[in-house]
Number of protein chains: 2
Amino acid sequence: MRGKPTSLDIAHLAGVSQPTVSRALRGSPMVNEETRRRILAIAEQLNYKVDKNASGLRRQHAGTLALLLFEDPTPDESHINPFFFPMLGSITRACARHGQDLLISFQQFSDDWHAEYGDSHKADGLILLGYGDYLAHQGKLTKLVEQGTPFVRWGAVMPDQPGLSIGCDNVGGGRLAGEHLLAVGRRRIAFLGDASNHYPEFLDRYSGCDEALKAAGFSLDRALQVDAESAEDSGYAAALSLLGRGLPFDAVFAASDLIAIGAMHALQENGLRIPEDVAIVGFDDIPAARIATPALTTVVQDTIRAGELLVEALVHLVNGEPAERTRLPTSLVVRKSSGAVA
Amino acid sequence: MRGKPTSLDIAHLAGVSQPTVSRALRGSPMVNEETRRRILAIAEQLNYKVDKNASGLRRQHAGTLALLLFEDPTPDESHINPFFFPMLGSITRACARHGQDLLISFQQFSDDWHAEYGDSHKADGLILLGYGDYLAHQGKLTKLVEQGTPFVRWGAVMPDQPGLSIGCDNVGGGRLAGEHLLAVGRRRIAFLGDASNHYPEFLDRYSGCDEALKAAGFSLDRALQVDAESAEDSGYAAALSLLGRGLPFDAVFAASDLIAIGAMHALQENGLRIPEDVAIVGFDDIPAARIATPALTTVVQDTIRAGELLVEALVHLVNGEPAERTRLPTSLVVRKSSGAVA
DNA sequence: CTGAAAGCGCTTACAG
DNA sequence: CTGAAAGCGCTTACAG
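Being a predicted model, the structure only gives us computed values, none of them experimental.

## Some words on helix 2 (residues 18-25) of chain B
All names here are of chain B. When helix 2 is considered as a whole, its buried residues turn out to be Thr 20, Val 21 and Ala 24. Seen end-on, helix 2 carries its buried residues on one side only, within an arc spanning 105 degrees. Buried positions along helix 2 lie against helix 1 (7-14) and helix 3 (33-46).

Written out as structure tokens, the structure reads:
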């Protein structure tokens with residue numbers, strides 16, 4: 001028997017028909033127990049694996065999910081937000097548990113990715129990951145829904161959105177940051193990050209922080225808000241821009257850790273002490289947050305659970321079952337950058 | 001026409017036979033130019049995509065490569081070495097360029113992964129990534145070769161290895177580290193990392209550093225070598241163990257940046273100043289190396305090029321063409337941890 | 001509980 | 001340059 005063994009090979013060896021082999025392998029209840037055992041033993045011994053192409057063709061599905069990671073439109077060898085890496089691990093593991101293979105691809109937002117997967121039967125459903133301008137994105141999501149391509153995305157969870165989103169409670173996370181900064185005595189809190197409906201996650205973080213301040217009789221000052229994308233150099237530039245405004249501030253809430261780390265460099269280079277002069281809080285708890293000096297206080301999202309939920313929801317959708325929007329709780333890790341620990 | 005369009009749909013619309021559509025789409029030279037254009041236009045308009053399962057079944061290949069990332073046997077939600085992330089990006093892009101889809105999976109070394117892919121036609125070839133005990137690994141590589149599964153791995157490039165390896169010039173990198181430490185006046189250099197044939201990459205880095213020292217009339221002292229895996233806590237523990245030996249040293253060459261960063265924490269917590277008391281050099285240039293305080297001097301591997309080479313080599317192997325072992329050059333980024341900059 | 005038959009959507013000799 | 005035919009290896013009604 002040259003080449004890979006087929007179900008027909010096994011059928012011959014087991015003295016049964018090929019469909020019976022197929023049934024036995026798929027665990028059909030209408031196969032005699034003793035027959036099944038014989039077939040399984042032979043399959044095991046030949047190291048037989050069901051041919052994915054044949055099976056997929058016949059069943060009209062791929063047994064595969066696709067993870068699309070959107071990169072910010074930086075044309076260089078772009079660094080994807082490290083926040084997504086643990087999620088990647090969690091997603092791969094969850095796929096394995098659900099018997100799904102995982103295709104991965106990096107996309108530009110501008111790419112023509114929306115037709116690529118479903119129509120070619122490469123994947124039964126899509127997982128969409130990546131920050132970026134939501135409004136620019138939205139059109140394609142609508143198109144996916146029209147095509148009937150099952151998909152889930154990580155991002156802001158909003159009422160009337162095309163498709164299914166799973167995200168963390170960004171408002172709650174912002175509130176945690178605001179409450180903490182109030183607790184350590186800060187009042188003039190700058191916000192670094194694009195707080196518009198183009199970046200609804202950032203906007204929610206802003207709003208949450210503002211809520212916390214308002215509950216204490218204060219509020220965020222728009223004059224202390226500077227746009228920034230989730231990247232170190234963007235945070236660096238935003239902090240310089242903030243300093244250039246000449247307004248007093250005693251804390252920075254950055255929309256992401258990358259922004260926070262970039263901002264810390266800019267502030268420190270300008271002679272400001274962290275946390276004495278400026279307390280910093282970030283968002284994401286990427287590995288670098290612990291390594292930064294001082295270590296960064298930040299809002300933690302449960303990326304592991306996030307990955308699992310994304311896969312579970314998508315598997316439901318692929319099977320035509322309902323799945324729910326979910327908003328995951330956040331928590332705060334307090335480190336030295338906010339001055340709350342020695 | 002409900003459902004996805006097929007080549008037969010296009011054939012009807014174009015008034016040709018279905019095989020002609022197939023030929024036109026695949027760019028066969030024996031299709032009339034005007035016919036081809038008509039077919040392509042219709043395909044475009046219907047948003048037709050070749051069914052991957054059908055095509056793969058007929059052609060007996062998958063058009064897919066699989067990336068297997070091996071995790072260290074830590075049972076927790078293990079953190080994959082961040083060194084591999086840019087490589088991941090590079091690999092996905094290179095696959096896209098070669099028209100290959102990329103399947104990704106995290107594996108334990110102990111898993112039974114070697115039969116999973118080839119036999120099921122899920123992927124035509126494997127890319128193996130991940131540090132780990134090489135000797136434990138080797139048996140499965142041999143098995144892959146026997147099965148005829150095309151694969152490439154990132155790792156130490158050695159003479160009589162099963163299969164094709166691509167790696168960086170670890171000896172050269174170690175030499176750079178050694179020469180640099182000599183140049184900044186250090187003589188008693190500790191090495192943190194498992195320098196045995198279980199971890200040939202680390203061993204090569206050790207040897208390279210030793211070579212550099214010997215060329216200047218010195219050498220590495222085995223009494224200053226402590227085993228460590230590529231993880232922060234392992235580096236932390238190794239540094240403590242080194243301190244416990246009570247031997248004088250004025251520099252640490254860590255087998256990886258993660259080890260170096262863990263070690264820096266341990267040394268600093270024990271009152272040692274970096275670089276004044278101990279100069280540190282790492283290996284990999286992960287993002288955290290820049291963020292560490294002081295910023296870490298380290299040996300850079302060209303991960304972008306590495307990813308491209310891995311994919312190119314694997315595509316050659318899949319097509320039955322020869323591919324070569326390659327050893328990529330390394331370079332040194334000097335930062336504050338080695339005391340060479342202000 | 002099992003088998004004979006059909007068919008998923010392509011690609012590729014084989015004729016013309 | 002184009003078409004009719006076969007077949008990749010499965011899964012799933014349909015009979016029995």
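Moving on from the model shown.
## A closer look at the protein's contact with DNA strand D
The environment of DNA strand D is made up of 27 residues, and the closest members are Ser7(A), Gln18(A), Ser22(A), Arg58(A) and Arg23(B). Taking all atoms of DNA strand D within 4 Å of the protein, the share assigned to sugar and phosphate is 59%. Within the contact set of DNA strand D, a base nitrogen lies 3.2 Å away from a backbone nitrogen or oxygen of Ala54(A). One nitrogen or oxygen atom from the side chain of Gln60(B) is found 3.1 Å from a sugar or linking oxygen belonging to DNA strand D. Sorting the residues of the surface near DNA strand D by element identifies helix 2 (18-25) and helix 4 (52-59) of chain A together with helix 2 and helix 4 (52-59) of chain B as the ones contributing at least two each.

## Some words on the interface of chain A and chain B
Listed per partner, the contact involves 42 residues of chain A and 42 residues of chain B. Both faces combined, the contact of chain A with chain B buries some 4,000 Å², and carbon together with sulfur accounts for 57% of it. Inspection of the chain A/chain B interface yields four salt bridges. Its salt-bridge partner being Arg290(B), residue Glu232(A) comes within 3.3 Å of it at the nearest N-O pair.

## A look at the sheet that holds strand 10 (residues 297-301) of chain A
Residues and elements named next belong to chain A. Sheet architecture is open: six strands sit in the order 7-6-8-9-10-12, paired in mixed fashion. Looking at the sheet topology across the chains shown, the edges are occupied by strand 7 (225-226) and strand 12 (330-333). Its contacts with the sheet place helix 9 (residues 232-244) against strand 6 (189-192), strand 7 and strand 8 (251-254), and it is angled at close to 140 degrees to strand 6.

## Let's talk about unusual backbone geometry
Of note, the bond from Ile274(A) into Pro275(A) is cis; its omega dihedral lies within 30 degrees of zero at 10 degrees. Mapped onto the secondary structure, Pro275(A) falls in the loop between helix 10 (257-269) and strand 9 (279-284). Phi at His121(B) is positive, roughly 60 degrees, even though this residue is not glycine. Mapped onto the elements of the fold, His121(B) is located in the loop between strand 2 (101-108) and strand 3 (125-129). Look at His121(B) and you get buried, because its relative accessible area is 12%.

## Side note on helix 6 (residues 134-147) of chain A
All names here are of chain A. Helix length check: helix 6 (14 residues) gives 20 Å between terminal C-alpha atoms against 20 Å at 1.5 Å per residue, within 8%. Taken together, the buried positions of helix 6 are Tyr 134, His 137, Lys 140, Leu 141 and Leu 144. For helix 6, the angular spread of the buried residues around the axis is 125 degrees, confining them to a single face. Within helix 6, the exposed residues directed more than 90 degrees away from the buried face are Ala 136 and Glu 146.

About the cut-offs
Residues numbered from 1 in each chain as written. Chains lettered and ligands numbered in written order. Predicted model: local features only at pLDDT ≥ 70, side-chain atom pairs only at ≥ 80, totals over all residues. Heavy atoms only, no water. Buried < 20%, exposed > 50% of the residue type's maximum accessible area, 1.4 Å probe, protein only. Helix = DSSP H or I, 4+ residues; strand = E, 2+ residues; numbered from the N terminus. Arc of directions from axis to C-beta. Contact = heavy atoms within 4.5 Å. Near = heavy atom within 4 Å. Polar contact = N/O pair within 3.5 Å; in protein donor to acceptor, adjacent residues only side chain to side chain. Buried area = accessible area lost by both parts, 1.4 Å probe. Salt bridge = Lys/Arg side-chain N within 4 Å of Asp/Glu carboxyl O. Pairing = 2+ DSSP bridges. Axes fitted to C-alpha atoms, helices over the stretch in contact; angles between N-to-C directions. Expected span 1.5 Å × (residues − 1).

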